[in-house]
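An overview of the molecular structure
These are the residues of each chain, in order.
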Amino acid sequence: MKCGIVGLPNVGKSTLFNCLSNAKAQSANYPFCTIEPNLGTVSVPDTRLFELEKIVNPERVLPAVVEIVDIAGLVKGASKGEGLGNQFLANIRECEAIIHVLRCFDNGNIIHVEGTVDPIRDKEIIDIELQLKDLEAIGKAVDKAKKFLKSGKKEDLMTYDVLQNIQTFVEEGKNAREFPMDDFAKSILDEVQLLTNKPVLYVCNVDENAIKNGNDWIAKIEEMAQTENAEVVVLAAQIEADINELETFEERQMFLEELGLEEPGVNRLIRKAYDLLKLQTYFTAGVKEVRAWTIGQGWTAPQAAGVIHTDFEKGFIRAEVIKYNDFMNYGSEAKVKEAGKLSVEGKEYVVQDGDIMHFRFNV
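Everything in this summary refers to the structure shown in the same document. (Residues numbered from 1 in each chain as written. Predicted model: local features only at pLDDT ≥ 70, side-chain atom pairs only at ≥ 80, totals over all residues. Heavy atoms only, no water.)

Across all of its chains, the model carries 19 salt bridges by this definition. For arginine 360, the salt bridge goes to glutamate 320, with nearest N and O atoms at 3.2 Å. Pair noted here: arginine 360 is in strand E12 (residues 356-361) and glutamate 320 is in strand E10 (residues 316-322), with a separation of 40 residues, a long-range link. In this structure, the salt-bridge partner of aspartate 355 is lysine 323, at a minimum N-O distance of 2.8 Å. Here lysine 323 lies in the loop between E10 and helix H14 (324-330) and aspartate 355 lies in the loop between strand E11 (343-345) and E12, a separation of 32 residues in the sequence. The network of salt bridges with common partners includes Lys123, Asp127, Arg177 and Glu228. (Salt bridge = Lys/Arg side-chain N within 4 Å of Asp/Glu carboxyl O. Helix = DSSP H or I, 4+ residues; strand = E, 2+ residues; numbered from the N terminus.)

Below you can see the structure in the form of C-alpha cells.
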C-alpha cells in the first residue's frame, strides 16, 4: 500500500520526501529534478510502542511502516504527455492514495513554474490533468460497456448507466472521489482505476511565520478540502528538513519548543497517510521483540496472522487477544489473564486497532 506525493514542480515535494524517509532524493531549485519516482519506507510514529517497550523490555522494537513515493512534478499538458506526463500519471496509478503538496509561501529565490504563488490554482491544474486522463479511461470503458447492452441483462444496463453518469460528472470538472456511489457503482469505478477516485490528503507547505500564525492560503485550502471531504496537514518542509539535521532527540525537542510545536509535522502527516490508506496496527509483544504490524481496517484474525507468515493464516486455530488499555492497566500478560481480560477469538474475529495478539496455528 503506497501513498504518492504529487504537486507542481518546486512546491517542496522532494524536501518533504527526504524528511519522511531520510532517503536523500535529489532536491533542487528547478522543475523535473525528480525523474524516477523515489520510494521510501517510512516508520509510523506510535507512542503505544514505547509504552509497551517499558513494560515488556524486549530485545528490539519494530514500528509499523508505510510506503511513500516521491513522484516528479506535474505540469499543464501532462495528460497529453507534456513534460514527463505519461510516466508521472503511471506512477500515480500505482499508488493507493495521494499526498498533494501545495506551495503556500512566497520566496523570490525559489521559482514557481506558473510565475506566481496560488495554491488553489495549482491544485486545479493537477486536478484537470488527472481528470483528462480519467476521461480517456472512462471513454474506453463506456465503449466497451456499450457492446454488452444488446444482452439486455440488468447488470450490463446498470454498468453502462454508472459509466455514463461518472463521465458527465468528471466532464463538469469534478473528481471521481466526490461522485455519490453505492456498492455497485464503487465496484465498477474500482475496475476502471480512476486517478481522481483515489483518496487525497492536502499538505500546505508554509514558511516559519505561517507555522505559528497561519495565513490566508491555509484557510482557503481548508475550506476547499471540506467540500471534498479531504483532510489538510500544515507544515513547513524547510523546518522539517532542519529538524532532520539535528542529531539528538533532545535537540529536536528544544527546536520544536522554540517554534511552539509539540511534534514534527511529518509525524502528523505519516499518521494521516496511514489513515488515508485505511490501515491500522496490531501488536505482538514478547521478550524477543515488540512489533507493530500493518493491516487493513476490517481485517479478520486469520488475515492479520497471515501478515506475519502465510502458514499462520493457512493453519489458523485461534487468536489470544489483549486490549492495549488492559495491558497498560494491569502491567503484564499474567495479570491480564488473572483479571479475565484475555479473550480467545476465532476465524470471524475482526481485529481492532491496538490489539495485542498471539496466534495459535497448526500446519
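Taken in spatial order, the six strands make up an open sheet running E2-E4-E1-E5-E6-E7, and their pairing is mixed. Whereas interior strands pair on both sides, the edge strands pair on one side only; in this sheet they are strand E2 (38-43) and strand E7 (231-235). Along the sheet, successive strands turn relative to each other by an average axial angle of 25 degrees, direction set aside. Pairing of strand E1 (residues 2-6) with strand E4 (residues 65-70), which is carried by four bridges, proceeds in the parallel orientation. Along E4, the bridge assignment pairs glycine 4 with valine 69. (Pairing = 2+ DSSP bridges. Axes fitted to C-alpha atoms, helices over the stretch in contact; angles between N-to-C directions.)

Attention now moves to the environment of glycine 286. Along the chain, the position of glycine 286 falls in the loop between strand E8 (279-285) and strand E9 (289-296). Residues glycine 286 and asparagine 57, spaced 229 residues apart in sequence, show a C-alpha to C-alpha distance of 8.4 Å. Not counting residues up to four positions away in its chain, the partners in contact with glycine 286 are Val56 and Pro58. (Contact = heavy atoms within 4.5 Å.)

Okay, the nonpolar core next. Core analysis: the biggest nonpolar cluster contains 72 residues, and Leu20, Ile68, Val206 and Leu269 have the highest contact counts within it. The element that contributes the greatest number of residues to this core is helix H11 (residues 265-276), accounting for six residues. In this structure leucine 20 touches Ile5, Val42, Ile68, Val266, Leu269 and Ile270, once residues within four positions along its chain are discounted. The next biggest cluster of nonpolar side chains, apart from the first, holds 17 residues, and it includes Tyr160, Val162, Ile166 and Val192. (Core = buried A, V, L, I, M, F, W, Y, C linked by side-chain atoms within 4.5 Å. Buried < 20%, exposed > 50% of the residue type's maximum accessible area, 1.4 Å probe, protein only.)

Bringing the pairing of E8 into the picture now. The element E8 is largely enclosed, with a buried count of six among its seven residues. Sheet topology places E8 next to E9; seven bridges connect them, and they run antiparallel. Bridge assignment links threonine 281 to a residue of E9, and that residue is threonine 294.

With that settled, consider the packing of helix H4 (residues 119-147) against helix H5 (residues 154-171). Two numbers describe how H4 lies on H5: the axes approach to 9 Å, and their chain directions differ by 155 degrees. With respect to H5, the element H4 is oriented roughly antiparallel. Relative to H5, the crossing made by H4 is left-handed. Contact residues: Gln131, Leu135, Ile138, Gly139, Ala141, Val142, Ala145 and Lys146 in H4; Thr159, Tyr160, Leu163, Gln164, Ile166, Gln167, Val170 and Glu171 in H5. Counted by class, the contact of H4 with H5 contains nine nonpolar, five polar and two charged residues. (Parallel < 35°, antiparallel > 145°, perpendicular 65-115°, else oblique. Left-handed = near helix turned anticlockwise from the far one by under 90°. Nonpolar A, V, L, I, M, F, W, Y, C, P; charged D, E, K, R; others polar.)

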